[in-house]
Amino acid sequence: MYTQLLQEATAANAALVAVSKRKPNEAIMELYDQGHRDFGENYVQELVDKYEALPKDIRWHFIGTLQRNKVKYIAPFVHLIHGVDSLKLMAEIDKRGQQNGRIIDVLLQVDVTQEDTKHGFTPAQLIETMEQSDIHRLAWARPSGIMGMASHTSDVELLGLEFQQLKDLFETVKKDYYDRRPDWNHLSMGMSGDYQLALKHGSSMLRVGSLLFGKRD
Ligand SMILES: *Cc1c(COP(=O)(O)O)cnc(C)c1O
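Residues numbered from 1 in each chain as written. Predicted model: local features only at pLDDT ≥ 70, side-chain atom pairs only at ≥ 80, totals over all residues. Heavy atoms only, no water.

Engineer: Describe the packing of helix α6 (residues 123–131) against helix α8 (residues 156–177), naming the residues involved and giving the relevant values.
Structural biologist: The geometry of α6 relative to α8 is characterised by a closest axis approach of 11 Å and an angle of 10 degrees between their N-to-C directions. Between α6 and α8, the angle falls in the class roughly parallel. As α6 packs across α8, the resulting crossing turns out to be right-handed. Of the residues in α8, those touching α6 at Pro123, Leu126, Ile127, Met130 and Glu131 are Gln165, Leu169, Thr172, Val173 and Tyr177. (Axes fitted to C-alpha atoms, helices over the stretch in contact; angles between N-to-C directions. Helix = DSSP H or I, 4+ residues; strand = E, 2+ residues; numbered from the N terminus. Parallel < 35°, antiparallel > 145°, perpendicular 65-115°, else oblique. Left-handed = near helix turned anticlockwise from the far one by under 90°. Contact = heavy atoms within 4.5 Å.)

This is the structure in structure tokens:
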């Protein structure tokens, strides 16, 4: 499955983040030995444990809900934080980036679903946030795109509309705020169940877990 998925992603110019949450280090090393370096985790303590145990050239993506008081544990090494849903969290990441002397790339989470379980900026809130100067003043937390999740549904038409909405928003922000800067370049969307549709609508980064590692307990 890995080789096929990687080919599909690469053909669409998308990166593949292997979501290894609740999977053992051996499972990660199996993909690592095939050359894979991008892995995604949802829990801070689990991520820190894996970072300490595994090769240091792995690029760790944090894709879960991040509490502000835990940013400090991952700030020294995290490659990309996908789920940033407030300016307050951005400010904390900025502070910890400065302390560690490294710029931390973040993706702003956008919620285009009507589901209560998901969180993130609404599209309107994202535009409002971009209009404020605060977000552009942070030197150590660098917005570099959008992370989105589509509804938990098999309604392909709805999924397509949601992915397209995320893509349009990504392009609008790029045009209006990052025209002359290369930073805004990730559109993280698509998981095991909907990655092909996400690629069709312009995803640049898939987050795939169960399809690669099997079902989680
Ligand atoms: C768990 C998770 C994934 C991967 O989900 P699969 O359906 O197992 O591919 C992707 N993104 C987020 C935010 C997740 O929490």
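Engineer: Residue-level account of the site of the ligand, with values.
Structural biologist: Lining the immediate environment of the ligand, one finds 13 residues, of which Lys21, Asn42, Ser192, Gly209 and Ser210 sit closest. In the model, an oxygen atom of the ligand is placed 2.8 Å from a nitrogen or oxygen of the Lys21 side chain. In the environment of the ligand, an oxygen atom lies 2.8 Å from a nitrogen or oxygen atom belonging to the side chain of Arg216. Protein coverage of the free-state accessible area of the ligand, which is 390 Å², stands at 89%. Those elements that provide at least two residues to the shell around the ligand are β6 (141–149) and β8 (205–208). Residue composition of the shell around the ligand, grouped by class: 6 nonpolar, 4 polar and 3 charged. (Near = heavy atom within 4 Å. Polar contact = N/O pair within 3.5 Å; in protein donor to acceptor, adjacent residues only side chain to side chain. Areas by Shrake-Rupley, 256 points an atom, 1.4 Å probe, with all protein chains shown as cover. Nonpolar A, V, L, I, M, F, W, Y, C, P; charged D, E, K, R; others polar.)

Engineer: I'd like a rundown of the pairing of strand β2 (residues 38–41), residues and numbers included.
Structural biologist: Of the two faces of β2, the one holding Asp38 and Gly40 and the one holding Phe39 and Glu41 are both buried throughout. Where strand β1 (residues 15–19) and β2 come together, 2 bridges link them in parallel fashion. Bridge assignment links Val19 to a residue of β2, and that residue is Gly40. The parallel pair β1 and β2 is bridged by helix α2 (residues 25–32), and the resulting crossover is right-handed. Pairing between β2 and strand β3 (residues 59–62): 4 bridges, direction parallel. In the strand pairing of β3, Asp38 is matched with Arg59. Handedness of the crossover joining β2 and β3 through helix α3 (residues 44–53): right-handed. (Buried < 20%, exposed > 50% of the residue type's maximum accessible area, 1.4 Å probe, protein only. Pairing = 2+ DSSP bridges. Right-handed = clockwise from strand over helix to strand, strands pointing away.)

Engineer: A description of α6 should follow, citing residues and the corresponding values.
Structural biologist: Along an α-helix, residues three or four positions apart point the same way, because every turn accommodates 3.6 residues. Buried residues of α6: Leu126, Thr129 and Met130, and no others. The arc enclosing the buried residues of α6, seen along the axis, measures out at 100 degrees, which places them on a common side. Check the buried side of α6 and you find it contacts α5 (87–100), β5 (104–111), α7 (134–137), β6 and α8. (Arc of directions from axis to C-beta.)

Engineer: Got a sec to walk through the pattern of salt bridges? Specific residues and values, please.
Structural biologist: Evaluation of the coordinates by the stated rule reveals 11 salt bridges. For Arg59, the salt bridge is made with Asp38, and the minimal N-O distance between the two is 2.7 Å. Of this pair, Arg59 sits in strand β3 while Asp38 sits in strand β2, and the two are 21 residues apart along the sequence. Its relative accessible area of 34% is what places Arg59 among the partly exposed residues. A relative accessible area of 13% means that Asp38 is categorised as buried. Salt-bridge contacts for Asp134 lead to Arg137; the nearest nitrogen and oxygen are separated by 3.9 Å. Here Arg137 and Asp134 lie together in helix α7, a separation of 3 residues that amounts to about one turn. A residue is classified by how much of its surface remains accessible, and Asp134, at 38% relative accessible area, is partly exposed. (Salt bridge = Lys/Arg side-chain N within 4 Å of Asp/Glu carboxyl O.)

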